[in-house]
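# Results of the structural survey
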Amino acid sequence: MPTSNNKKDPASEIHQLRTYTDDIAELIRNNQLTPEQLAKIDPEVIKQAQNRRNLNNFGNFDTTTDGVTIDPRDQIVREEMKQPKAVDPKDKKPEQQEFKDNVVDLDDTTGESGVADFVLSLKDKAKPQQPTQAAPEPVVQQAPIAEPITEVEPPVQEIKPEPKVVAPEPKPEPVKELSPLEKLQKKEISLQDEVTSLMDQQKKLETDQATLESSLHEIDAKRQPLKAQEDDIEKQVRAIRLKESEVDTIEEKKALKQQRWSLEDERQRIEKERWDIDQSILTLTKQVQDIHSEQAKLMLQETEVEHAIDEVKKNERVLQAEIELKVMADKLKVILADRQKLEVDWKDIMDKKKVVLDKEAAIHKQEKVMQTEIDSIELKEHSAKDPSDLHIVEEQRWQKDKELRAIEVEEGAVQEELQAFNASVTEIETKSQSVLHQERELKDKIKELETIVAGTKK
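Residues numbered from 1 in each chain as written. Predicted model: local features only at pLDDT ≥ 70, side-chain atom pairs only at ≥ 80, totals over all residues. Heavy atoms only, no water.

## Side note on the overall build of the protein chain
For the protein chain, the helix and strand inventory stands at 9 helices and 2 strands. If you list the helices and strands of the protein chain from N to C, you get α-α-α-β-β-α-α-α-α-α-α. Looking at the protein chain as a whole, 26% of its 458 residues are labelled buried. Counting contacts in the protein chain only where the partners sit at least 6 residues apart, residues at least 24 apart contribute 79% of the total. Carbon and sulfur atoms form 53% of the exposed surface of the protein chain, whose accessible area is close to 34000 Å². (Helix = DSSP H or I, 4+ residues; strand = E, 2+ residues; numbered from the N terminus. Buried < 20%, exposed > 50% of the residue type's maximum accessible area, 1.4 Å probe, protein only. Contact = heavy atoms within 4.5 Å. Areas by Shrake-Rupley, 256 points an atom, 1.4 Å probe, with all protein chains shown as cover.)

Structure, rendered in structure tokens:
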């Protein structure tokens, strides 16, 4: 197919690549490639060359499609190109380019010509010398190779990871400093735990001691029969010695000696057995003594710890007393302030009451004067004979009655005011009694706490 000057014919390019593969297939078939040379060829190219070699074994024949003669090997290439490969969309290439990419440089010494020059050079070396002019090969008309339709994959949208939200690290809570009293209380708890631990050790030692003493009792029970056997043998030996001094014949003395020696051997055997028991008794006795020593140490430690606990408790009482003293002193200040206020209120009320009492006294005086005047007018009224004079006197009495009534109203208001003052005074006096009682109790408590603090610090 004619092509432009700038664009190669894909069919001729594929045919040329196919020819390189056929050359490799021919070299493989003729066993003209060494293992080192085969190792330099791409395995995929060797596989395709083997396929070409198998195809050549069937003979040369042509396939005609639509009146165009097609080389069957080109048909195989087309079929291979039409079969899409499962590749990643990013790495997907046209089949022609993928086929060409399978051909790699076999050696740097072959130059940029790559596989073609390397294969052709091997083929030229293997072929026999040919005449200078070769017959022109028949031109086979190649059918146009259709471009395979490849499905265009949509562009893969890059998913950017969302930025991670890093939570701020929590700030460490400030360590609360313990108060002196809390420190003492914590120390007391620690000392109490130490006492508990010492008591547990004491209990364990007591258990171990009881076990050892039981073992001693059992071993001593085994020792007593042995000791009794020793004593019995010793008596028998003394009796035999006495007989030896009494007999005269050598045979009797020899028989007695044999008997005595046998008893002495038995005594030695028993004594050796007793020695093992005595050693066990000594060992157990030593262990019991060690337990007694350890118990004495624990008791001493326990005494020291209890003494330390007493000191801690004493210091706790001092601190608690000092804290209570401060609280009591603050309460006493409040009580004294309340008492002072009550005294001020009581004095203010008494001053006001005195003013009202003076006012009441003045009203009583006015009332007596007015009553005297009314009594005088009533005498005139009784002695008046003329009606006109009587009317004048009665009008005077009305006026005085009116004035007296005003004085009595004022007197009633003053008495109510005095009653309110008296109620306030009674209330203040009741509160004052309660405040004075609290003051006495606080002072007594303060004195007691001061005694505790002074006595503990001495």
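## Focus on the pattern of salt bridges
One pass over the structure, following the stated rule, counts 27 salt bridges. Ionic pairing is found between D358 and K354, a salt bridge with its closest N-O pair at 3.4 Å. Residue D358 and its partner K354 are both found in helix α8 (residues 250-383); the two are separated by 4 residues, about one turn of the helix. By relative accessible area, which is 45% here, D358 ends up partly exposed. Three or more residues joined by partner-sharing salt bridges are found here, namely R223, E230, R274 and D278. (Salt bridge = Lys/Arg side-chain N within 4 Å of Asp/Glu carboxyl O.)

## Observations regarding a negative patch on the surface
A contiguous patch of negative charge, built from E324, E441, D444 and E448, is present on the exposed surface. Looking at the negative patch element by element, the count peaks at 3 residues for helix α9 (residues 387-457). Topologically, E441 is positioned in helix α9. (Patch = residues over 30% accessible without salt bridge, like charges linked within 9 Å, V, L, I, M, F, W, Y side chains within 5 Å. Lys, Arg positive; Asp, Glu negative; His and termini not counted. Charge placed at Lys NZ, Arg CZ, Asp CG, Glu CD.)

## With respect to the environment of Q433
Here Q433 shows up in helix α9. For the pair Q433 and R339, spaced 94 residues apart in the sequence, the C-alpha separation amounts to 9.3 Å.

## Let's talk about the environment of K314
Inspection of the secondary structure assignment puts K314 in helix α8. Through-space distance from the C-alpha of K314 to that of I452 is 9.7 Å; in sequence the pair is 138 residues apart.

## A few points about the environment of E213
Residue position: E213 is located in helix α7 (residues 180-246). Distance in space between the C-alpha atoms of E213 and Q287 is 9.9 Å, their sequence separation being 74 residues.

## Some points on the side chain of E381
Tracing the backbone through its elements, the reader meets E381 in helix α8. Exposure remark for E381: the relative accessible area of 16% places this residue in the buried category. Among all residues touching E381, those that are not within four sequence positions of it are L390, V393, E394 and R397.

## Topic: the confidence of the model for the protein chain
Parts of the model with low pLDDT should not have their predicted coordinates read in detail. Averaged over all residues, the pLDDT of the protein chain is 76; the fraction at 70 or higher stands at 69%. Looking over the protein chain, one finds the lowest element-wise mean pLDDT in strand β1 (residues 63-65), namely 43, and the highest in α8, namely 89. Note on residues 1-17: pLDDT under 50 across the span, and 16 contacts to partners over four residues away in sequence or across chains. Note on residues 58-70: pLDDT is under 50 here. Beyond four places in sequence and across chains, it has 18 contacts. (pLDDT = per-residue confidence, 0-100.)

## Details of the side chain of Q202
With respect to the helices, strands and loops of the structure, Q202 is situated in helix α7. You can call Q202 buried: its relative accessible area is 10%. Those residues within four positions of Q202 in sequence are excluded, and the remaining contacts are Q295, L298, M299 and E302.

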